[in-house]
Amino acid sequence: MKHIIIDAAHNGVRIRCFCSSKRVMVENLPISSPLIKSLSVWMQKYEEMNNGDCHPYSLIESVENEGINIALNIKNEAPYLNAVYQSDILLVAFFGPL
């Protein structure tokens, strides 16, 4: 696995292999336990935010920025792993050498 997508959608967050589109379980990512915990907590927060209620832009922006920072932290911990953060609102890719 060289490429992952953090796919944050209105119906939940999924981590997928970029090439096969198969789901990747958070605990199987080659990252530290604290980062796995941060990712899991953020995923829950994102899913709770997308429960159909309207939210102020500041909350949406905060949760999106947290997701982007987690994707950057994944890239920093596993530099050989390309990470794409994709949400219903924006798409951000962090690629290293191909």
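Structure: above.
Residues numbered from 1 in each chain as written. Predicted model: local features only at pLDDT ≥ 70, side-chain atom pairs only at ≥ 80, totals over all residues. Heavy atoms only, no water.

Student: I keep staring at the packing of aromatic side chains and nothing clicks. Help me out?
Tutor: Ring pairs (aromatic) are described by centroid distance and by the angle formed between their planes. Counting across every chain of the model gives two aromatic pairs. Relative to Tyr46, the ring of Trp42 has its centre 5.4 Å away and its plane inclined at 50°; by these criteria the two rings are tilted. Of this pair, Trp42 and Tyr46 are both found in helix α1 (residues 33-49), four residues apart, which corresponds to roughly one turn of the helix. Just as Trp42 is buried, Tyr46 falls in that class too. Among the aromatic residues, those joined into a ring-pair cluster are Trp42, Tyr46 and Tyr85. (Phe/Tyr/Trp six-rings, centres within 6.5 Å; stacked < 30°, edge-to-face > 60°. Helix = DSSP H or I, 4+ residues; strand = E, 2+ residues; numbered from the N terminus. Buried < 20%, exposed > 50% of the residue type's maximum accessible area, 1.4 Å probe, protein only.)

Student: Would you mind showing me how to read helix α2 (residues 57-77) here?
Tutor: Owing to its 3.6 residues per turn, the α-helix aligns residues three or four sequence positions apart on the same side. Its 21 residues give α2 an end-to-end C-alpha distance of 30 Å, which sits within 8% of 30 Å, the value for a rise of 1.5 Å per residue. Here α2 has its buried residues at Ile60, Val63, Glu64, Gly67, Ile68, Ile70, Ala71, Ile74 and Lys75. Buried residues of α2, seen end-on, are gathered within an arc of 155° and therefore sit on one face of the element. (Expected span 1.5 Å × (residues − 1). Arc of directions from axis to C-beta.)

Student: Which parts of the structure should I look at to understand the nonpolar core?
Tutor: Grouped together as the largest cluster of nonpolar side chains are 27 residues, with contacts concentrated most on Ile6, Ile15, Leu39, Trp42, Tyr46, Ile74 and Tyr85. Secondary structure elements with two or more residues in this core: β1 (3-9), β2 (12-17), α1, α2 and β3 (82-87). Broken down by element, the residue count for this core peaks at seven residues, all from α1. Apart from residues lying up to four places away in sequence, Tyr46 is in contact with Ala8, Ala9, Val13, Val63, Glu64, Tyr85, Ser87 and Asp88. (Core = buried A, V, L, I, M, F, W, Y, C linked by side-chain atoms within 4.5 Å. Contact = heavy atoms within 4.5 Å.)

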